[in-house]
Amino acid sequence: MLEQLLIFTRGGLILWSCKELGNALKGSPIDTLIRSCLLEERSGAASYNYDAPGAAYTLKWTFHNELGLVFVAVYQRILHLLYVDDLLAMMKRSFSEIYDPKRTVYNDFDETFRQIRMEAEAREEELKKSKQLNKPINNVKKQGQVQKVGFEGGNKKSEGGLANGDGDGDYVKGRKLENGVSNGSHVEVGESRVAGVVNGKENASSNIGAFDVTKLQKKLKSKGGKKTDTVVNKGSKPDPKKKVTKKDRVWDDAPKESKLDFTDHVDGNENEDIQVVAADHGESMMDKEEIVSSDSETEEDEEVEKGNKSDAKKKGWFSNMFQSIAGKANLEKADLEPALKALKDRLMTKNVAEEIAEKLCESVATSLEGKKLGSFTRISSTVQAAMEEALVRILTPRRSIDILRDVHAAKEQNKPYVVVFVGVNGVGKSTNLAKVAYWLLQHKVNVMMAACDTFRSGAVEQLRTHARRLQIPIFEKGYEKDPAIVAKEAIQEATRNGSDVVLVDTAGRMQDNEPLMRALSKLINLNNPDLVLFVGEALVGNDAIDQLSKFNQKLADLSTSPNPRLIDGILLTKFDTIDDKVGAALSMVYISGSPVMFVGCGQSYTDLKKLNVKSIVKTLLK
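Residues numbered from 1 in each chain as written. Predicted model: local features only at pLDDT ≥ 70, side-chain atom pairs only at ≥ 80, totals over all residues. Heavy atoms only, no water.

Engineer: How should I be thinking about the overall build of the protein chain in this particular structure?
Structural biologist: Within the protein chain one finds 19 helices and 13 strands. Long-range contacts, defined here as pairs at least 24 residues apart, represent 73% of the contacts in the protein chain between residues at least 6 apart. Within the structure as shown, the protein chain displays about 36400 Å² of accessible surface, and the carbon and sulfur contribution to it stands at 51%. (Helix = DSSP H or I, 4+ residues; strand = E, 2+ residues; numbered from the N terminus. Contact = heavy atoms within 4.5 Å. Areas by Shrake-Rupley, 256 points an atom, 1.4 Å probe, with all protein chains shown as cover.)

If you want it as structure tokens, here you go:
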């Protein structure tokens, strides 16, 4: 049974809702659909599942793109209602006939809806009856066919026994009776052709002379296994006389160094040099405005012109000119497919994951289908403009995360602002943590580092070196300690010392490593940080989906809280090495819904900047 039916505009104005369906929905499924599906360009999906405490809903929808209307149906997921798609299509057709942009109330649509609903339910009942009637008929037919084949096989066998040896027996075309006919009730039907049955002995002789493939495979396996075993045994005989031990290479007669790590022994002169180096870096790129060049626009225009020339050659100049002047009545899916396919290929060449590129194209097709193409406009330019709007909407953060504002708010409450850096191995968490620390120092914020990577060798020393260069305190407990406890003690120390921000460094871990993901979940649940930053490489393509989705899934599954903490933001590293392959930013934002807060673009402390959404979109579409 339906729970709710709504018709509203793209601006959010509700025009009509079914008064007969007065069931109170648990949670807010329609708001969630708008926020996480329609606004996030996931409207190409067939349905959306919403889980609420004590209820599970399925939502289906359709658009009237020319009028800007959205039709949504909500029903219990356990009920597989087959008529919902037809009901929405008929509602769309009927409501578009009476729609007036100046009207806001449509009480007269109630009677129309009752008739539409009765028609849709009647169709569903007919479908169910037809399916029930077809099933037993098909089964009876199949049983009859099997029995008939078995009976004919028995006849053929008996007739073959009575036939002469001249080869005048009956032929069975397209069927082969395997292993004879045992009882006439079960016969396996093949696709090979039997030449004929000459006499009763023919059947037995054919079975005797049949080639058994399984026996041959077993023989070959046993022979091959023996040969390989003998070869391995011959080659693997150890020779005790020729055992050689590797000796250490000696380069000269100089005495051996007892210790190669000199980071612990720092004198006053080196401290002075570090201060000079840290002060000479200058202003962070986070505080500089990036200017977007117009090269991408000119390249885009050139590409459009090339597309126009190729289209003109295919269709002819007269038909092309007439269509551009008069405009097309309504866009159909077949009209959009060539432009969307080219757009999908272009996105994939920019390192966008294939699955996400396909979903984006489906969403754009859904938003354009049924729209009227204006005069002097082309389908390719219309599709590109719609895709540009969709990309800007995805990459623009849904909620504002201003770290400096949040730091000052936490300072007023006499507690430090805690940021946890998570991610896979080798993406640059420690280096970019130092860049964030340098940016915060530029804004007169007291920062403390917490060395919670107690797993990787050299991680504590690396963070200690950054702390020395930036002249900020570091909290460390060495290796083989519980990272969650280390982070908790670091936050307590920061509260005592009056530090404004605690930057927590964690060990790199693959998304499938269960023990390390459990330790990370414990660290986040125990300390409840203000911000969880996922550090990812800009070089990844399809792997970005796997990394982010599994990180979020593990944090949700392993959390003991009813409202688990997931990834709040993304820090993209190695952005200076990818040229125009900027698709990882789109893939990560699309799959997680979290914004890209920082972009690492170099090796120095100043090489940290904000994500320029317009620049990314133009790079993706050029």
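Engineer: Please explain the UniProt feature "domain: SRP54-type proteins GTP-binding" (unreviewed entry) in the protein chain as it appears in this structure.
Structural biologist: UniProt records the feature "domain: SRP54-type proteins GTP-binding" (unreviewed entry) at residues 595-608, using the numbering of this structure. For the annotated span residues 595-608, helix accounts for 0% and strand for 43% of the residues, and the straight-line distance between the end C-alpha atoms is 16 Å. (UniProt positions renumbered as here; feature names shortened; annotations may be inferred.)

Engineer: It is not clear to me how the pairing of strand β6 (residues 417-423) should be interpreted in this structure. Could you clarify?
Structural biologist: Consecutive side chains along a regular strand alternate between the two faces of the sheet. Judged by how many residues are buried, β6 sits mostly within the fold: 7 of 7 residues are covered. In β6, alternate side chains face the same way, and those of Tyr417, Val419, Phe421 and Gly423 on one face and Val418, Val420 and Val422 on the other are all buried. Where β6 meets strand β9 (residues 501-505), 5 bridges bridge the pair, whose relative direction is parallel. By the bridge assignment, Val419 is partnered in β9 with Leu503. (Buried < 20%, exposed > 50% of the residue type's maximum accessible area, 1.4 Å probe, protein only. Pairing = 2+ DSSP bridges.)

Engineer: Before we go on, may I ask you to explain the sheet that holds strand β1 (residues 2-9) in this structure?
Structural biologist: Two orientations exist for strands paired in a sheet by backbone hydrogen bonds: parallel and antiparallel. The 5 strands lie next to each other as β2-β1-β5-β4-β3, forming an open sheet whose pairing is antiparallel. At either end of the open sheet lies a strand with only one pairing partner, and these are β2 (14-17) and β3 (48-52). Mean inter-strand twist for the sheet, computed between neighbouring axes without regard to direction, equals 25 degrees. The sheet contact formed by β1 and β2 spans 3 bridges and is antiparallel. Bridging across to β2, Leu6 finds its partner in Ser17. (Axes fitted to C-alpha atoms, helices over the stretch in contact; angles between N-to-C directions.)

Engineer: Explain helix α14 (residues 459-470) to me, please; I cannot follow it from the model alone.
Structural biologist: Residues separated by three or four positions in an α-helix point in the same direction, a consequence of the helix having 3.6 residues per turn. Its 12 residues place the ends of α14 17 Å apart at the C-alpha level, agreeing with the 16 Å of an ideal helix rising 1.5 Å per residue. Here α14 has its buried residues at Ala459, Val460, Leu463, Arg464, His466, Ala467 and Leu470. Looking straight down α14, one finds its buried side chains confined to an arc of 160 degrees; they lie on one side. Its buried side turned inward, α14 meets α13 (429-442), β7 (447-451), β8 (474-475) and β9. (Expected span 1.5 Å × (residues − 1). Arc of directions from axis to C-beta.)

Engineer: Mind showing me how you'd approach a nonpolar patch on the surface here?
Structural biologist: There is a patch of nonpolar side chains on the surface, built from Met1, Ile78 and Leu79 and spanning about 320 Å² of accessible area. Tracing the backbone shows Ile78 in the loop between β5 (69-76) and α2 (84-98). (Patch = residues over 30% accessible without salt bridge, like charges linked within 9 Å, V, L, I, M, F, W, Y side chains within 5 Å. Salt bridge = Lys/Arg side-chain N within 4 Å of Asp/Glu carboxyl O.)

Engineer: Help me understand the packing of aromatic side chains, please; the structure alone is not making it clear to me.
Structural biologist: For any pair of aromatic rings, geometry is given as the distance between the ring centres together with the angle between the planes. All told, the structure shown has 10 aromatic pairs when counted by the stated rule. Centre to centre, the rings of Phe95 and Tyr99 are 6.3 Å apart; their planes meet at 35 degrees, and the pair counts as tilted. Taken individually, Phe95 and Tyr99 each receive the classification buried, so the pair is uniform in this respect. Measuring from centroid to centroid gives 5.3 Å for Phe534 and Phe551, while their planes differ by 70 degrees, and the two rings are edge-to-face. Taken as a pair, Phe534 in strand β10 (residues 531-537) and Phe551 in helix α17 (residues 543-557) lie far apart in primary sequence, 17 residues in all. By relative accessible area, Phe534 is classed as buried at 0%. Following the ring pairs from residue to residue traces out a cluster consisting of Trp16, Phe71, Phe95, Tyr99, Tyr106, Phe109 and Phe113. (Phe/Tyr/Trp six-rings, centres within 6.5 Å; stacked < 30°, edge-to-face > 60°.)

Engineer: What is the right way to read the nonpolar core from this model?
Structural biologist: Nonpolar side chains in soluble globular proteins tend to end up buried together. Counting 110 residues, the largest nonpolar core has Leu440, Leu503 and Phe598 as its most contacted members. It is helix α11 (residues 379-395) that provides the largest number of residues to this core, a total of 8 residues. Each residue touching Leu503, except ones within four places of it in the same chain, is listed here: Val419, Phe421, Leu433, Val436, Ala437, Leu440, Val447, Met448, Met449 and Ala450. Counting residues in each nonpolar core, the second largest holds 25 residues, with Leu5, Phe71, Met91 and Phe109 among its members. (Core = buried A, V, L, I, M, F, W, Y, C linked by side-chain atoms within 4.5 Å.)

Engineer: Would you explain the sheet that holds strand β11 (residues 569-573) in this entry?
Structural biologist: Strand order in the open sheet made by the 8 strands is β8-β7-β9-β6-β10-β11-β12-β13, with mixed pairing throughout. Every other strand in the sheet has two partners, leaving β8 and β13 (608-609) as the edge strands with one partner each. Here β7 pairs with β8 via 2 bridges, running parallel. Bridging from a neighbouring strand, Ala450 pairs with Phe475 of β8.

Engineer: I keep staring at empty space enclosed by the protein and nothing clicks. Help me out?
Structural biologist: One pass over the structure, following the stated rule, counts 1 cavity of 30 Å³ or more. Roughly 50 Å³ of internal volume is contained in the largest cavity. If you trace the largest cavity, you find it lined by Glu40, Ile394, Leu395, Thr396, Pro397, Arg398, Val589, Gly593, Ser594 and Pro595. For the lining of the largest cavity, the class distribution of residues is 5 nonpolar, 3 polar and 2 charged. (1 Å grid on protein atoms, 1.4 Å probe; cavity = no way out; pocket = protein on both sides within 12 Å on 5 of 7 lines; lining within 4 Å. Points joined across faces, edges and corners; volume = space filled by probe spheres on them. Nonpolar A, V, L, I, M, F, W, Y, C, P; charged D, E, K, R; others polar.)

Engineer: How do you make sense of the confidence of the model for the protein chain when you look at a structure like this?
Structural biologist: Caution applies to low-pLDDT parts of the model: their predicted coordinates are not meant to be read in detail. Residues with a pLDDT of 70 or more make up 68% of the protein chain, whose mean pLDDT is 76. Throughout residues 140-210 the model reports pLDDT below 50, and contacts reaching past four residues in sequence, or to other chains, amount to 49 contacts. Note that pLDDT drops below 50 for residues 294-315; the model gives that stretch 14 contacts with residues more than four away or on any other chain. (pLDDT = per-residue confidence, 0-100.)

Engineer: Would you mind going over the pairing of β3 with me for this structure?
Structural biologist: In terms of strand pairing, β3 meets strand β4 (residues 55-64) through 5 bridges, oriented antiparallel. Note that in β4 the partner of Tyr48 across the bridge is Leu59. In sequence, β3 turns back onto β4 through a hairpin of 2 residues, with Gly54 there showing a positive phi of about 85 degrees.

Engineer: What is the right way to look at the packing of helix α9 (residues 333-349) against helix α10 (residues 354-368) in this model?
Structural biologist: Any two packed helices are characterised by the angle at which their axes cross and by the distance between the axes. Their axes nearest at 9 Å, the elements α9 and α10 cross at an angle of 150 degrees. Relative to α10, α9 is oriented roughly antiparallel. Viewed along their axes, α9 and α10 form a crossing whose handedness is right-handed. Here α9 contributes Leu336, Leu340, Lys344, Leu347 and Met348 to the contact with α10, which in turn contributes Glu354, Ala357, Glu358, Leu360, Cys361, Val364, Ala365 and Leu368. The residue makeup of the contact of α9 with α10, split by class, is 10 nonpolar, no polar and 3 charged. (Parallel < 35°, antiparallel > 145°, perpendicular 65-115°, else oblique. Left-handed = near helix turned anticlockwise from the far one by under 90°.)

Engineer: Looking at this structure, I do not really get the layout of surface pockets. What am I missing?
Structural biologist: Any empty space left between the atoms is revealed when a probe the size of a water molecule rolls over them. Reported here for the largest pocket is a volume of approximately 1000 Å³. Along the wall of the largest pocket there are 30 residues; nearest its centre are Ser36, Arg398, Leu566, Ile591 and Ser592. Taken together, the elements giving at least two residues each to the lining of the largest pocket come down to α1 (29-38), α10, α17 and α18 (583-592). Ranked by residue count, the leading element in the lining of the largest pocket is α17, at 5 residues. Residue composition of the lining of the largest pocket, grouped by class: 12 nonpolar, 9 polar and 9 charged.

Engineer: Looking at this model, I keep getting lost on the pattern of salt bridges. Mind explaining?
Structural biologist: When charged atoms on two side chains of opposite charge get close, those side chains can pair. This model, assessed by the stated rule, comprises 23 salt bridges. In this structure, Arg464 engages Glu476 in a salt bridge whose closest nitrogen and oxygen atoms are separated by 2.9 Å. In this pair, Arg464 is assigned in helix α14 and Glu476 in the loop between β8 and α15 (483-497), connecting sequence segments 12 residues apart. Looking at Arg464, the relative accessible area reads 17%, which means it is buried. Among the residues examined, Glu476 registers a relative accessible area of 28% and is labelled partly exposed. With a closest N to O distance of 3.0 Å, Glu514 and Arg518 form a salt bridge. One end of the pair, Glu514, and the other, Arg518, are both in helix α16 (residues 514-527), 4 residues apart, so they sit about a helical turn from each other.

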